[in-house]
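Given next are the chains, with one letter for each unit.
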Amino acid sequence: MLFLSKSKLNSYIQCPEKYRIGYELGIRPLRTTSSFLEGRAIHHLIESKLMANGNSPDVLEEASQIFWKVNPFESCDYASKKNYKAAQVKCLYEAKRFLELMGPLKVRDIEFPLKAPLVEPFSMEEISDVLLRGYVDFLDIYEGKPRIVDIKTMSKKPMVGMASLAFELTVYAYLLAYPYIYMDMDPVPVALLNLIRKKEPDISWDKSTRSFDDFVELVHTVSAIANNIFNGIFYKNPGMHCSWCQNKPFCFGDKEKAVAVFGKDALQLYMSGGFTSQDIEHAKAIYC
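Small disclaimer: the values here were computed from a predicted structure and weren't measured.

Student: Is there a simple way to think about unusual backbone geometry in this case?
Tutor: Trans peptide bonds make up most of the peptide bonds, and negative phi angles are found at most residues other than glycine. Each neighbour pair has its own omega, and for Tyr178 with Pro179 the value is 5°, a cis peptide bond. Summarising the element assignment, Pro179 is placed in the loop between α6 (167–177) and β5 (188–196). You will see that Glu111, though not glycine, has its phi angle at about 45°, which is positive. Taking relative accessible area as the criterion, Glu111 reaches 34% and is therefore assigned partly exposed.

Dropping the structure here:
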């Protein structure tokens, strides 16, 4: 069974080699990048506050302490402990400001899991060996209907209309709608909640819907990706995204950087094509 999440799917769409490194070889950086960690911290703080629903006035401070305790300085790529401490203060301040700007919301569920088989929308026949799953940031009630909300943190205001294209929102809407997927179904409300980390924090809402036609396209896309993964089809897809991809040292042959970011074992695994030393010795014994 192939389990596919929006993160795995987005990774393959962006670059199949990125998917192979992260999910087939299981290679992860030794340390978490500061930008990724701070985005996670703000997510955690906001979701903790929404979950508390006003019942705990100190929930943000408590959630902040817990988050940074499980993400110690040694596990991050901050240049100094001073920068690490400053990030904690900044994230807490920004989370408070974002929550003020968001105002009251009718939140029904937070960080809740969904899973469903991949089905052909017209016949509802299951496509074998593929399961979609994911965690929705939160589900609120908007204009009387459940709405999927995905939180995004960023450094500048995003392009308007991205909610109509966001692949993850289509995945989540499909998971929420299943098994009630049919041609005349009501559209599923979705939204991006953009948390903009400028000097003065700001937010923007980007709202859209997903319909039956979107699910037809999703199934075709996911089926193609799943077939490629089953058949071991992975290739490099160079582009602007390479500049912020952590796997860059592997693709560009920078062994020294690869060891610094991922470790010697990870480099050896990548260079061997995913085969361990035991696999290689076993092959030698058979074929040599």
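Student: I'm lost on the nonpolar core in this one. Help?
Tutor: Soluble, globular proteins show a tendency: their nonpolar side chains are buried together. Judged by nonpolar contacts, the single largest core of 40 residues is most densely connected at Leu4, Ile148, Tyr174 and Val222. Tallying contributions element by element places helix α7 (residues 212–230) first for this core, with 9 residues. Excluding residues that lie within four positions of it along the chain, Tyr174 makes contacts with Ala116, Pro117, Leu118, Val119, Leu132, Ile181, Phe215, Leu218 and Val219. By size, the runner-up hydrophobic cluster in this structure holds 29 residues, among which are Leu45, Ile46, Cys91 and Ile203.

Student: So what exactly am I meant to see when it comes to the packing of aromatic side chains here?
Tutor: Two numbers describe a pair of aromatic rings. These are the distance of the centres and the angle of the planes. This structure, assessed with the given rule, holds 13 aromatic pairs. Summarising the aromatic geometry, the rings of Tyr19 and Phe234 are spaced 6.0 Å apart at their centres and angled 10° between planes, so their arrangement reads as stacked. With Tyr19 in helix α2 (residues 16–24) and Phe234 in the loop between α7 and α8 (248–251), the pair connects residues that are 215 residues apart, well separated along the chain. On the basis of relative accessible area, Tyr19 is assigned to the buried category, the value being 2%.

Student: I keep staring at the environment of Ser35 and nothing clicks. Help me out?
Tutor: With respect to the helices, strands and loops of the structure, Ser35 is situated in helix α3 (residues 34–52). Exposure remark for Ser35: the relative accessible area of 54% places this residue in the exposed category. Considering only alpha carbons, one finds Ser35 and Tyr78, 43 residues apart in sequence, at a separation of 9.8 Å.

Student: Where do I start with the side chain of Ser48 in this structure?
Tutor: For Ser48, the position within the fold is in helix α3. Exposure remark for Ser48: the relative accessible area of 14% places this residue in the buried category. There is a polar contact of 2.7 Å between the side chain of Ser48 and the backbone oxygen of His44.

Student: Quick question: what am I supposed to make of the pairing of strand β2 (residues 107–120) here?
Tutor: Put simply, side chains in a regular strand alternate between the two faces of the sheet. Across 11 bridges, the pairing between β2 and strand β3 (residues 125–142) is antiparallel. Counterpart to Leu114 in the pairing with β3 is Gly134. Between β2 and β3, which pair antiparallel in sequence order, lie 4 residues; one of them, Met124, sits at a positive phi of approximately 60°.

Student: What am I meant to see in a nonpolar patch on the surface here?
Tutor: A surface patch of nonpolar side chains, amounting to about 340 Å² of accessible area, comprises Met159, Met162 and Leu165. In this fold, Met162 is placed in the loop between β4 (145–154) and α6. Met162 gets classed as partly exposed once you look at its relative accessible area, which sits at 34%.

Student: When you look at the packing of helix α4 (residues 59–69) against helix α5 (residues 81–102) in this model, what are you seeing that I'm missing?
Tutor: Pairs of packed helices are described in terms of their axes, by the angle between the two and the distance that separates them. Contact pair α4 / α5: the axes reach a minimum separation of 11 Å and the direction vectors enclose 145°. The interaxial crossing formed by α4 with α5 has right-handed handedness. Here Leu60, Glu61, Ser64 and Trp68 of α4 lie close against α5, whose contacting residues are Tyr84, Ala87, Gln88, Cys91, Leu92, Lys96 and Leu99. Residues that form the contact of α4 with α5 fall into these classes: 7 nonpolar, 2 polar and 2 charged.

Reading the values: rules and limits
Residues numbered from 1 in each chain as written. Predicted model: local features only at pLDDT ≥ 70, side-chain atom pairs only at ≥ 80, totals over all residues. Heavy atoms only, no water. Helix = DSSP H or I, 4+ residues; strand = E, 2+ residues; numbered from the N terminus. Buried < 20%, exposed > 50% of the residue type's maximum accessible area, 1.4 Å probe, protein only. Core = buried A, V, L, I, M, F, W, Y, C linked by side-chain atoms within 4.5 Å. Contact = heavy atoms within 4.5 Å. Phe/Tyr/Trp six-rings, centres within 6.5 Å; stacked < 30°, edge-to-face > 60°. Polar contact = N/O pair within 3.5 Å; in protein donor to acceptor, adjacent residues only side chain to side chain. Pairing = 2+ DSSP bridges. Patch = residues over 30% accessible without salt bridge, like charges linked within 9 Å, V, L, I, M, F, W, Y side chains within 5 Å. Areas by Shrake-Rupley, 256 points an atom, 1.4 Å probe, with all protein chains shown as cover. Salt bridge = Lys/Arg side-chain N within 4 Å of Asp/Glu carboxyl O. Axes fitted to C-alpha atoms, helices over the stretch in contact; angles between N-to-C directions. Left-handed = near helix turned anticlockwise from the far one by under 90°. Nonpolar A, V, L, I, M, F, W, Y, C, P; charged D, E, K, R; others polar.

Nothing here speaks to function; it is geometry throughout.
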